[in-house]
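Here is how the chains run, residue by residue.
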Amino acid sequence: MSLPIPIVRLDADLPLPAYAHEGDAGLDLYARDDMLLAAGGGRGLVATGISIAIPVGYGGFVLPRSGMALKRGISVVNAPGLIDAAYRGEIKVILLNTDPTSDYQVSRGDRIAQLVIQQVAQVEWQVTDDLDGADRGGGFGHSGR
């Protein structure tokens, strides 16, 4: 199933977001600019050169690339970054360098993150005094072990 999404190329020299392999869930996003991310927590807002119009009922989720995270310690600070359906500005990614000793150079055209488009539901709160189901107990983050 494909979902048609309008896209504006703000930088015609960059490739459009693309799936690396058939069946992938995430589209690769590309860096529009060069940027140095300092070791030990350097952050930067990296432009991607695109704007998109996500349909109502869907959201865009920006995720780290696993290879960059494992090999270089580069992640998306607010992962997953959320793009609402009403947003029409340039997609930008907040990258973080977690490597304690090595700077990381982002170069124009690098694949920097992945974009996943997912259907999302709107919530209608139903105020109640009790919740159905069993309380697993143990508190926040407790798995019972």
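Residues numbered from 1 in each chain as written. Predicted model: local features only at pLDDT ≥ 70, side-chain atom pairs only at ≥ 80, totals over all residues. Heavy atoms only, no water.

Q: How should I be thinking about the UniProt feature "binding site: substrate" (unreviewed entry) in the protein chain in this particular structure?
A: According to UniProt, the positions carrying the feature "binding site: substrate" (unreviewed entry) are R65, S66, G67, N78, L82, I83 and D84. The greatest C-alpha distance among the annotated residues, which extend across 20 residues, is 26.5 Å, indicating that they are dispersed rather than converging on a single site. From this annotated list, the subset lining the second largest pocket comprises N78, L82, I83 and D84. As for its position among the elements, R65 is in the loop between β7 (58-63) and α1 (66-72). Given the relative accessible area of 19%, R65 is considered buried. Dropping the residues within four chain positions of it, R65 is found in contact with D28, R111, I112, A113 and Q114. Looking at the secondary structure, you find S66 in helix α1. (UniProt positions renumbered as here; feature names shortened; annotations may be inferred. 1 Å grid on protein atoms, 1.4 Å probe; cavity = no way out; pocket = protein on both sides within 12 Å on 5 of 7 lines; lining within 4 Å. Helix = DSSP H or I, 4+ residues; strand = E, 2+ residues; numbered from the N terminus. Buried < 20%, exposed > 50% of the residue type's maximum accessible area, 1.4 Å probe, protein only. Contact = heavy atoms within 4.5 Å.)

Q: Just to check I follow, could you spell out the pairing of β7 for this structure?
A: Taken residue by residue, a regular strand's side chains alternate between the two faces of the sheet. Counting buried positions along β7 yields five of six residues, so the element is predominantly enclosed. In the sheet, β7 pairs with strand β12 (residues 111-119) via six bridges, with the strands oriented antiparallel. Each residue of the ladder has a partner; that of F61, found in β12, is V116. Pairing of β7 with strand β9 (residues 81-83), which is carried by three bridges, proceeds in the antiparallel orientation. Each bridged residue has a counterpart across the sheet, and for G60 the counterpart in β9 is I83. (Pairing = 2+ DSSP bridges.)

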